[in-house]
Amino acid sequence: MSLKLPIYLDNNATTPMDPRVLEAMLPYFTDRFGNAASRNHPFGWAAEEAVDYAREQVAKLIGCDPKEIIFTSGATEADNLALKGVYEMYASKGNHIITLTTEHKAVLDTCKHIEKLGGQVTYLEVKEDGLVDLQALEAAITSQTILIAIMYGNNEIGVLQPVKEISNLARKHNVLFFTDGTQAVGKVPVDVQRDGIDLMAFSAHKMYGPKGVGALYVRRKNPRVKVTAQMDGGGHERGMRSGTLNVPGIVGFGRACEICMNEMEAEAARLSKLRDKLEQSLLALEEAYVNGNREHRLPHVANISFKYVEGEGLMMGFNKDIAVSSGSACTSASLEPSYVLKALGLGDDLAHSSLRFGLGRFTTEEQIDYTIKAVSDTVLKLRDMSPLWEMWKDGVDLTKIEWAHH
Amino acid sequence: MAYSEKVIDHYQNPKNVGTLDKSKTNVGTGLVGAPECGDVMRLQIEVDEASGLIKDAKFKTFGCGSAIASSSLATEWLKGRTVDQALEIDNMDIVEELALPPVKIHCSVLAEDAIKAAVNDYRVKNGLVAVEEVALKH
């Protein structure tokens, strides 16, 4: 079988839609086009029925009641709704939120917005392996704390936070726990009861569903959690998110969740094996390092730094054929490398030298073998061209050089 | 971002990658940039003492494709020039030749700085004054 190029290894950015998902969605664009809120005719009933069914499929994947699912336009909206909605709803209890410096921008920028509104936010540093320091987390809780916002799995390095331990602390101090589950749901078993999650954002397009649809899980019992709506309108989704429901998207989301539910276990085993093969082969190169905790992480992600080679230059060696993501942003507008990698304590040089490989449902071993060869060849070629590599090989201490900073 | 064909060509077939003996008095070495900024260029010139012409130029670059292409192009342009003529290479000429987008102009600036730094190293080694302070900040 000949290998088809380009190869997609950026599944943390988005995933291709599974054809089975598309098939489920199609009738809802044409024949069954009704508005799920039209209560008085068969068109509306058909749409509502489809949404109800999808809500069950979604709920089942994360172990909650269907009534606890609020459909949104995606995880960014769900993050906004959770944070701002809790901040407004629980204003009489306090105004303090605790989060991590390695959260997604949808969480960090929402927290910055809340600070402008008068809220207090603590941005906790993570440990060198990317995991939260539970002692520091507990120490940060005050009488004003209303919410802990810590992601389930990190989008850049794939580390899985100890959600159970976090929720135990939240319960102990009577604080709500919100987690951004975008990268984890559908990839590893997530159960809101077992994990003690009060609110969780997640998205369809990261799990082989369509773009433009996501959900916020909002706990209804023990405790009953409420969020203030951030959009005014028809009072859809139990008043928490107005706007006509994206019926085809929701149907696709439901089907995507169902497929993940059935296939997740086998898929996680297959992908972690491929990921480990990729990782071990690339680590055979000198001065290559895995970023983040290697034990507690998603099965399909590898973030690797290749010292003395710049990430964007590295990608250029194969990005016609292989799609990956780099922790380096070499533009005059942003010379800053990934804030997540820097939060692990990586020097800027190592952060600039990183690549993220995100495997997925359609990744094959043949593709991984091709990638190992292409990436290894390019690293070796660029190191031959790298003054830093030469200096390091000559025993020069690069930290002692006075660099001319731009 | 899509790279121009010329950038891709220099990246795939870089000209004059290598190292000259920096201890020689007729070799000037310029090392500019910083690892934390994501690009470091080392550019070297070897001057023919009889004619005063640059007879060889070599580079090594840690950086993106545009940085590699800018330094590769610079070494091509340096050969056959006098040391004074080397200073006439302007970063905007590099931008034009490689069709660099605005966000990559700093790569050409770095190449110009590397040329100046190499020329100054050569001049100082040969008992001349450095022509101008190489701008360290942009």
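See the structure printed just above.
Residues numbered from 1 in each chain as written. Chains lettered and ligands numbered in written order. Predicted model: local features only at pLDDT ≥ 70, side-chain atom pairs only at ≥ 80, totals over all residues. Heavy atoms only, no water.

Draft legend 1. View of the overall build of chain A. Looking only at helices and strands, chain A features 13 helices and 13 strands. Taking 2.2 N^0.38 as the reference for a compact globule, 406 residues should give roughly 22 Å; the C-alpha atoms of chain A span a radius of gyration of 22 Å, in line with that estimate. On the principal axes, the C-alpha backbone points of chain A span a range of 75 × 60 × 35 Å. The buried share of chain A, taken over its 406 residues, is 58%. A separation threshold of at least 6 residues defines the contact pool for chain A, and within that pool the share at least 24 residues apart is 73%. Accessible area of chain A: about 16,800 Å², with a carbon and sulfur share of 52%. Each charge class in chain A was averaged separately, 44 positive and 53 negative side chains, and the resulting centres sit 5 Å apart. (Helix = DSSP H or I, 4+ residues; strand = E, 2+ residues; numbered from the N terminus. Rg over C-alpha atoms; globule rule 2.2 N^0.38 Å. Buried < 20%, exposed > 50% of the residue type's maximum accessible area, 1.4 Å probe, protein only. Contact = heavy atoms within 4.5 Å. Areas by Shrake-Rupley, 256 points an atom, 1.4 Å probe, with all protein chains shown as cover. Lys, Arg positive; Asp, Glu negative; His and termini not counted. Charge placed at Lys NZ, Arg CZ, Asp CG, Glu CD.)

Draft legend 2. Representation of the nonpolar core within the structure. Counting 64 residues, the largest nonpolar core has Phe202 and Phe253 of chain A as its most contacted members. In terms of residues, this core owes the most to one element, helix α2 (residues 42-62) of chain A, which gives 8 residues. Formed by 62 residues, the second largest nonpolar core is a distinct cluster that contains Ala288, Phe306 and Met316 of chain A together with Ile89 of chain B. (Core = buried A, V, L, I, M, F, W, Y, C linked by side-chain atoms within 4.5 Å.)

Draft legend 3. Main features of the environment of Pro101 of chain B. All names here are of chain B. Mapped onto the elements of the fold, Pro101 is located in the loop between α4 (91-98) and α5 (105-125). By relative accessible area, Pro101 is classed as partly exposed at 26%. In this structure, the C-alpha to C-alpha distance between Pro101 and Ala111, residues 10 residues apart in sequence, is 15 Å.

Draft legend 4. Structural view of the packing of aromatic side chains. Tallied over the full model, the rule gives 7 aromatic pairs over all chains. Ring geometry for Phe33 of chain A against Phe43 of chain A: centres 5.3 Å apart, planes inclined by 35°, an arrangement best described as tilted. Taken together, the positions of Phe33 of chain A in the loop between α1 (19-25) and α2 and Phe43 of chain A in helix α2 put the pair 10 residues apart, joining distant regions of the chain. Through pairs of rings, three or more aromatic residues link up here, namely Phe71, Phe202 and Phe253 of chain A. When the ring centre of Tyr339 of chain A is taken as origin, the NZ or CZ atom of Lys105 of chain A, which lies over that ring, is 4.4 Å away. Directly above the ring of Tyr11 of chain B sits Lys381 of chain A, whose terminal nitrogen or CZ lies 5.2 Å from the centroid. (Phe/Tyr/Trp six-rings, centres within 6.5 Å; stacked < 30°, edge-to-face > 60°. Lys NZ or Arg CZ within 6 Å of the ring centre and 35° of its normal.)

Draft legend 5. Local environment of the interface of chain B and chain A. Residue-level contacts link 36 residues of chain B with 31 residues of chain A. Area buried by chain B at its contact with chain A is led by Tyr11, Glu36 and Phe62 of chain B, which between them contribute 24% of it. There are 14 residue pairs in polar contact (both at pLDDT 80 or more) connecting chain B and chain A. Broken down by secondary-structure element, the contributors of at least two residues to the side of chain B that touches chain A are α1 (5-12), β1 (27-34), β2 (39-47), β3 (54-62), α2 (65-78) and α5 of chain B. Looking at the side of chain B that touches chain A residue by residue, the class counts come to 20 nonpolar, 9 polar and 7 charged. (Buried area = accessible area lost by both parts, 1.4 Å probe. Polar contact = N/O pair within 3.5 Å; in protein donor to acceptor, adjacent residues only side chain to side chain. Nonpolar A, V, L, I, M, F, W, Y, C, P; charged D, E, K, R; others polar.)

Draft legend 6. Highlighting the sheet that holds β2 of chain B. All names here are of chain B. Reading across from one edge, β1-β2-β3 is the order of the 3 strands in this open sheet, with antiparallel pairing throughout. The open sheet has two edge strands, β1 and β3, and neither has a second partner. Going from strand to strand, the sheet's axes swing by 10° on average, the running direction of each strand aside. Here 8 bridges tie β1 to β2, and the two strands are oriented antiparallel to one another. Residue pairing in the sheet places Gly28 in a bridge with Ile45 of β2. The strands touched by α2 are β2 and β3; relative to β3, the strand with the most contacts, the crossing angle is about 175°. Across the face of the sheet, α5 comes into contact with β1 and β2 while running at roughly 145° to β1. (Pairing = 2+ DSSP bridges. Axes fitted to C-alpha atoms, helices over the stretch in contact; angles between N-to-C directions.)

Draft legend 7. Representation of the packing of α2 of chain A against helix α8 (residues 247-283) of chain A in the model. Residues and elements named next belong to chain A. Direction vectors running N to C along α2 and α8 enclose 30°, while the axes themselves pass 8 Å from each other. Regarding the angle of α2 to α8, the classification is roughly parallel. Considering the relative orientation of α2 and α8, their crossing is left-handed. On α8, the residues that touch Ala47, Ala50, Val51, Tyr53, Ala54, Gln57, Val58, Lys60 and Leu61 of α2 are Val247, Ile250, Val251, Phe253, Gly254, Arg255, Cys257, Glu258, Cys260, Met261 and Met264. (Parallel < 35°, antiparallel > 145°, perpendicular 65-115°, else oblique. Left-handed = near helix turned anticlockwise from the far one by under 90°.)

Draft legend 8. Structural view of the pairing of β2 of chain B. Residues and elements named next belong to chain B. Among the 9 residues that make up β2, 9 are buried, leaving the element largely enclosed by the rest of the structure. Along β2, one buried face is formed by Asp39, Met41, Leu43, Ile45 and Val47 and the opposite face, lined by Val40, Arg42, Gln44 and Glu46, is buried too. Where β1 hands over to β2, the hairpin turn is made up of 4 residues, of which Gly38 adopts a positive phi near 90°. Relative to β3, β2 runs antiparallel, the two being bridged by 8 bridges. The partner of Val47 across the bridge, within β3, is Ile54. What sits between β2 and β3 in their antiparallel hairpin is a turn of 6 residues, with Gly52 showing a positive phi close to 75°.

Draft legend 9. Layout of the sheet that holds strand β9 (residues 288-290) of chain A. All names here are of chain A. Strands sit in the order β9-β10-β13-β12 across an open sheet of 4 strands; the sheet is antiparallel. Edge strands, defined here as strands with exactly one partner in the open sheet, are β9 and β12 (325-326). Together, β9, β10 (301-306) and β13 (354-358) form the strand contacts of α8, whose direction differs from that of β10 by roughly 10°.

Draft legend 10. Quick peek at the pairing of strand β7 (residues 199-203) of chain A. Residue and element names in this part refer to chain A. β7 sits mainly inside the fold: 5 of its 5 residues count as buried. Here β7 shows no split at all, with Leu199, Ala201 and Ser203 on one side and Met200 and Phe202 on the other all buried. Note: strand β6 (residues 176-180) against β7, 3 bridges, orientation parallel. Across the sheet, the residue bridging to Phe178 is Leu199, located in β7. As paired elements, β7 and strand β8 (residues 214-218) share 5 bridges and run antiparallel to each other. Looking at the pairing, Ala201 lines up with Leu216 of β8.

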